[in-house]
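The chain contents come next:
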Amino acid sequence: MADNQSANIQALLSALSVFTRAPDKTSLENANSWLQDFQHSPEAWSTCNVLLLSPDAPPAAKLFAAQTFRSKVTYDLHQVDPSNLLPLRDTLVTALERYQSGPKTIITQLCLALSGLALQLPAWDNALQSIVETFGANPATVPVLLQFLTILPEEVSGNTRIPVTDDEYRERSTKLLSDNSEQVLELLSMYLQATGVTHTVQSQIFDCLRSWLVAGEIDMPAFGKSPLLAFAFEALASEELFDSAVDVVCEMIHETQEIDDNMPVIELIVPRVIALKSRLEEQKDDSEKIRGYAKIFAEAGETYRLLILQHTDTFYPIVEAIGQCSAYPDLDIVPITFPFWMRLAQTIGKKTTISPLFGEAYKVLMGVVIRHLHFPSDLTSMTGQEADNFRSFRHVMGDTLKDCCLVLGADACLLSAYGLITMALSRGPQSISWQEIEAPLFAMRSMGAEVDVMDNTAVPKIMDLIPSLPIHPRVRYAALLIISRYTEWINRHPDYIAYQLQYISAGFEDPDPEVSAAAGQALKYLCQDCKQHLIEFLPTLHTFLTTTGTKLAQDDRRQVYEAIAYVISAMSMEKAAESLRTFSLDILSQIHAISSKSTAVTKQELKEVGYGLENLEVMLHVVGPFGDQLPAACQNSCQEAWSIFDTFISKFAFDYDTSERATRVLRHGITLFGQSALSVASSVLSRMVTSFEATGFSSFLWISGKFVGRFGHESDPVLRNAFQNLYERATNKVVSLLQSKDPRDIPDVLEDYVQLLLQLIRMAPDVFFQSSAFPLAFRATMAALTLIHSDLVFASLDLFRDILTHESLTPSSSPPPKFPIYSSAIKAVMDKEGFEFVGYMLSGLVGDFPEDSTAIVVTIFRAVALLWSTQLVAWLPPILQQLPPSSAPNQVKQQFLLDVTNSLNTAQYDKVKYSILALHRASRKARDRRRVTPLNQV
């Protein structure tokens, strides 16, 4: 026994020593895995006890031993004989006494272990009192006691991994926490007032108090009578205690949110909070102090907002203090106040009358926010990351402007921002900065969501103002985005459209790419929301596209095409078809020209055609289908368009980006032409599978699946042959790829292939099951189960479920003619691949299958159990042996095998479900446990 323990200690020390060197990744993983496996073992209890109490053990080994005790108390207490549980407690207390002087990391782990043990050990009746008696009398051990008292409520309330029932938890948490809260308050008060108490101990007292407050275990009326309340506020004057005191004050305020029950305490808290207001000016140069005060005032404002509205004279200083914090120049502090303004605005919105003081507060707030919106005078003073952060923060501030609209009304807020711009413009162009114009414009855009589309007061003034704004890229950018935001209003006021189009057109000519992008966005939303009014402008837009449009960046050009598509979608069907044909022919002509070119095509030419395909795709997406009866302008378009695409794809299939874009356009072609696309379906499928064989690009499988999904029910023999040809050639290509590549290298191919198979089994089962490709397809799909790729795994599981629960497998006196053929094919495949298939399923279940896939696995496993029960009994033992103990502990595997075997022997196949769920739960628990403690940081 001693020799075995000595060997364990040596092996453990050897594994830990790996982390003190700079080892290779494999050595690290092996050491980490060994340590975690050791932590799970019953021998770890005694080995770690020896290490923890050994004066010669290395520090890392002692810490690991303490961590192991914490872990095993959480997960493995069942390994300890009940008669040894109280001695285990004594062992941990003894170790805590041994380490009373540190290190703190070991004290923390031992306190965590004792807290977890106290929750699970009803026989330890006076847990808290016994720890107080052991550590509370000696000043040297008081810090250990405070650490335990801090951790106890956190561990009891927060460690959901501890295996106790709800009833057990309620009983023990009451015994450990609720029944002792008054004693803890008295204890903390006593230590706080003790002679010679240090700042370190005082800080610990505050941390402990906060922990009990957060757990909701402090009776606030009793707390109000404690000296702790007053001292928390007094400690705000201490540099050493400031942060801890802020946290305690915030938590005590939060705990008084039940206003009626806590008014006596609130009456003690509020005057002390208001008294802090003067410090905002006194300590304005200390941003960390202001941050702390902002947290306190914001918490008080949010918690007491109803009292603020009901007793404004008393509580309004809190609002003023929050306003001062909002105006503070440090933009990391300002957002602390935003939740208060939001919640107060929502509460005010429900009131019929409020004090005018609140209207004034929100007016001031709006001015403050707009000042914060100003970009710095020198943009180069900001790093790229700082600029991105500031832009993101501006949108957060924009939400606070909406709160102002809720209180003051959108018109008043818009006119206020409008007034800032007109006031600046009145000073003349030489004496204003672009920031003075841009910030109010941004504010107007942010407040756009609150605007009434029928408004005739504020918005017309803004729209009239836009053309006269200074020509500066930041100003023009902001103005264009206002147009984007107000397009619903413009739709109700179409007289402004012509002027807006002129302003947008000028934006496209701005050399700043952000301005051009904003112009594209503005045009898109204008055409989307005002499409009926813009039909007459379509010729102008077409001219714009063929002239200025050719000079635009592709992102901007695509937005113009999208904008035009919205206008086309508003036209009558015949006119829409003619317009769509006009714009599409421009692009198709470009595709035809490059396909017909006899000389080599340059990369730039191919890129331009790719842009054209993107533009055609977005147009088709927006316009959508015309219905079952195509307009005259589209009658022959399908064959014409496909002939162009067929030639194009045959020539340029090897270019990945081109293939992706071309197949996306074909997808929208199916939607546009509907049943009319049937005439080209066989030709399309032939071209797609030929291209896939040549390139291995998944997009050709993807679009093939869409065609099968659309026309799979058709009985045309030519099309059925095309399906079979597609199925067999695509499968052979995928099998070939899997022979030369790892599945991880082709997840896109596997996903689109499995999606194609799903369409085939559902739409064309005669093709799917009767083909010689079926066994190969089954095996190829098994390879997909090895990947950590949620969509692919779900699709693969869906396919296997469809196969193994197919109707043909259900006994019937008069089955459809082909069902026996299907059934025979399925059984033949499972007889050959079943062992490996079940292995993949169980490996994924305890491994990397998505969490939500368990129900599908249960369905599949039940089907296997029902039809292949004899084989399954033989398959399971070697399969389970191969599953790693780290994911499926041996005891769990043995229980799973026993449960499944019993279910099969008694023909209770539904009980297989519970075996699968139990295995899944146990594996997740085992894997979660291994994630808890990063042992490489010991």
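What you see is a predicted model, and the numbers here were worked out from it, not measured in a lab.

Peer 1: Just checking my understanding: could you explain the overall build of the protein for this structure?
Peer 2: Each helix and strand in the protein was counted, giving 48 helices and zero strands. Seen through its principal axes, the protein has C-alpha atoms that stretch 95 × 90 × 55 Å. A burial count over the protein gives 52% of its 938 residues as buried. Put simply, 74% of the contacts in the protein that link residues at least 6 apart link residues at least 24 apart. Put simply, the protein shows about 41,600 Å² of open surface, and 51% of that area lies on carbon and sulfur atoms. Across the protein, the centroid of the 76 positively charged side chains sits 5 Å from that of the 106 negatively charged ones.

Peer 1: Honestly, helix α47 (residues 890–905) in this entry has me stumped. Any pointers?
Peer 2: A turn of α-helix holds 3.6 residues, and therefore any two residues three or four places apart point the same way. Between its first and last C-alpha atoms α47 spans 22 Å; for 16 residues at 1.5 Å apiece the expected length is 22 Å, and the two agree. All of the buried residues along α47 are K893, F896, V900, S903 and L904. One face of α47 carries all of its buried residues, which in axial projection span an arc of 95 degrees. Facing away from the buried side of α47 by more than 90 degrees, the exposed set consists of Q891, Q894 and N905. Positioned one or two residues after α47, A907 has a phi angle of 60 degrees, which is positive.

Peer 1: I would appreciate a short explanation of a negative patch on the surface in the present structure.
Peer 2: Taken together, the side chains of E154, D207, D243 and D247 present a region of like negative charge at the surface. Residue position: D247 is located in helix α14 (residues 242–254).

Peer 1: Help me out: how do you make sense of the packing of helix α40 (residues 747–763) against helix α43 (residues 790–804) in this one?
Peer 2: Axis separation between α40 and α43 bottoms out at 9 Å; the angle between their running directions is 30 degrees. Judged by the inter-axis angle, α40 sits roughly parallel to α43. When you trace α40 past α43, the crossing you get is left-handed. Within the contact between the two elements, α40 uses P747, L750, E751, V754, Q755, L757, L758, I761 and R762 and α43 uses D791, L792, A795, S796, D798, L799, D802 and I803. Among the residues forming the contact of α40 with α43, the class breakdown is 10 nonpolar, two polar and five charged.

Peer 1: Is there a simple way to explain the packing of aromatic side chains in this structure?
Peer 2: The relation between two aromatic rings is expressed through the spacing of the ring centres and the mutual angle of the planes. Counted according to the given criterion, the structure contains 26 aromatic pairs. For the pair F508 and F544, a centre-to-centre distance of 5.2 Å together with 45 degrees between the ring planes defines the contact as tilted. You can see F508 sitting in helix α28 (residues 497–508) and its partner F544 sitting in helix α31 (residues 538–546), a full 36 residues away along the chain. Each member of the pair F508 and F544 is classed as buried.

Peer 1: I'm lost on the pattern of salt bridges in this one. Help?
Peer 2: Pairing between side chains of opposite charge can happen when their charged atoms approach one another. Inspection of the entire model under this criterion finds 37 salt bridges. Linking D766 and R720 is a salt bridge whose minimum nitrogen-to-oxygen distance equals 2.8 Å. One end of the pair, D766, is in helix α41 (residues 765–770); the other, R720, is in helix α39 (residues 717–740), with 46 residues separating them in the sequence. We classify R720 as buried; its relative accessible area is 16%. Members of the salt-bridge network, linked through shared partners, are D555, R558, E614 and R661.

Peer 1: What's the story with helix α37 (residues 678–695) in this structure? I'm lost.
Peer 2: Helix length check: α37, at 18 residues, gives a terminal C-alpha distance of 26 Å against a target of 26 Å (1.5 Å per residue), a fit within 8%. Structurally, α37 contributes buried residues whose contacts are with α35 (637–652), α36 (656–673), α38 (698–711), α39 and α40. Of the residues trailing α37, G696 is marked for its positive phi of about 75 degrees.

Peer 1: Explain the state of the cysteines here, please?
Peer 2: What makes a disulfide is a covalent bond joining the sulfur atoms belonging to two cysteines. The final tally for this structure, using the stated rule, is zero disulfides. Cysteine C325 shares no disulfide, and the gap to the nearest cysteine sulfur, in C250, comes to 11 Å. The class of C325 is buried, set by a relative accessible area of 1%. C527 takes part in no disulfide bond, and the closest cysteine sulfur to it belongs to C530, at a distance of 8.2 Å.

Peer 1: Could you clarify how one ought to interpret the environment of S178 in this entry?
Peer 2: Of note, S178 is situated in the loop between α9 (166–176) and α10 (181–192). Residue S178 is classed as partly exposed on the basis of its relative accessible area of 33%. Along the chain, S178 and W212 lie 34 residues apart, while their C-alpha atoms are 9.8 Å from each other. Once residues lying within four places of it in the same chain are set aside, the contact partners of S178 are S173 and E217.

Peer 1: How should the nonpolar core be read in this particular structure?
Peer 2: When a protein is soluble and globular, its nonpolar side chains tend to lie buried together. Counting residues in each nonpolar core, the largest one holds 331 residues, and the members touching the most others are M252, I803, F837 and L842. Among the elements that line this core, the one with the most residues is helix α44 (residues 819–845), at 11 residues. For L842, the contacting residues outside a window of four places in its chain are F861, L876, I879, L880, L883, F896, I916 and L919.

Peer 1: Explain unusual backbone geometry to me, please; I cannot follow it from the model alone.
Peer 2: For residues besides glycine, phi is generally negative; the peptide bonds are generally trans as well. Cis geometry is adopted by the peptide bond preceding P103, which originates at G102 and carries an omega value of 0 degrees. Secondary-structure assignment places P103 in the loop between α5 (85–98) and α6 (104–120). Phi is positive for A907, which is not a glycine, with a value near 60 degrees. Its location among the elements puts A907 in the loop between α47 and α48 (912–932).

Peer 1: Would you explain the environment of E29 in this entry?
Peer 2: Here E29 shows up in helix α2 (residues 25–40). For E29, a relative accessible area of 46% gives the class partly exposed. Here the alpha-carbon distance between E29 and L538, two residues 509 residues apart in the chain, equals 65 Å.

About the thresholds
Residues numbered from 1 in each chain as written. Predicted model: local features only at pLDDT ≥ 70, side-chain atom pairs only at ≥ 80, totals over all residues. Heavy atoms only, no water. Helix = DSSP H or I, 4+ residues; strand = E, 2+ residues; numbered from the N terminus. Buried < 20%, exposed > 50% of the residue type's maximum accessible area, 1.4 Å probe, protein only. Contact = heavy atoms within 4.5 Å. Areas by Shrake-Rupley, 256 points an atom, 1.4 Å probe, with all protein chains shown as cover. Lys, Arg positive; Asp, Glu negative; His and termini not counted. Charge placed at Lys NZ, Arg CZ, Asp CG, Glu CD. Expected span 1.5 Å × (residues − 1). Arc of directions from axis to C-beta. Patch = residues over 30% accessible without salt bridge, like charges linked within 9 Å, V, L, I, M, F, W, Y side chains within 5 Å. Salt bridge = Lys/Arg side-chain N within 4 Å of Asp/Glu carboxyl O. Axes fitted to C-alpha atoms, helices over the stretch in contact; angles between N-to-C directions. Parallel < 35°, antiparallel > 145°, perpendicular 65-115°, else oblique. Left-handed = near helix turned anticlockwise from the far one by under 90°. Nonpolar A, V, L, I, M, F, W, Y, C, P; charged D, E, K, R; others polar. Phe/Tyr/Trp six-rings, centres within 6.5 Å; stacked < 30°, edge-to-face > 60°. Disulfide = S-S within 2.5 Å. Core = buried A, V, L, I, M, F, W, Y, C linked by side-chain atoms within 4.5 Å.

Everything listed here is a matter of coordinates, which is why it stays silent on function.
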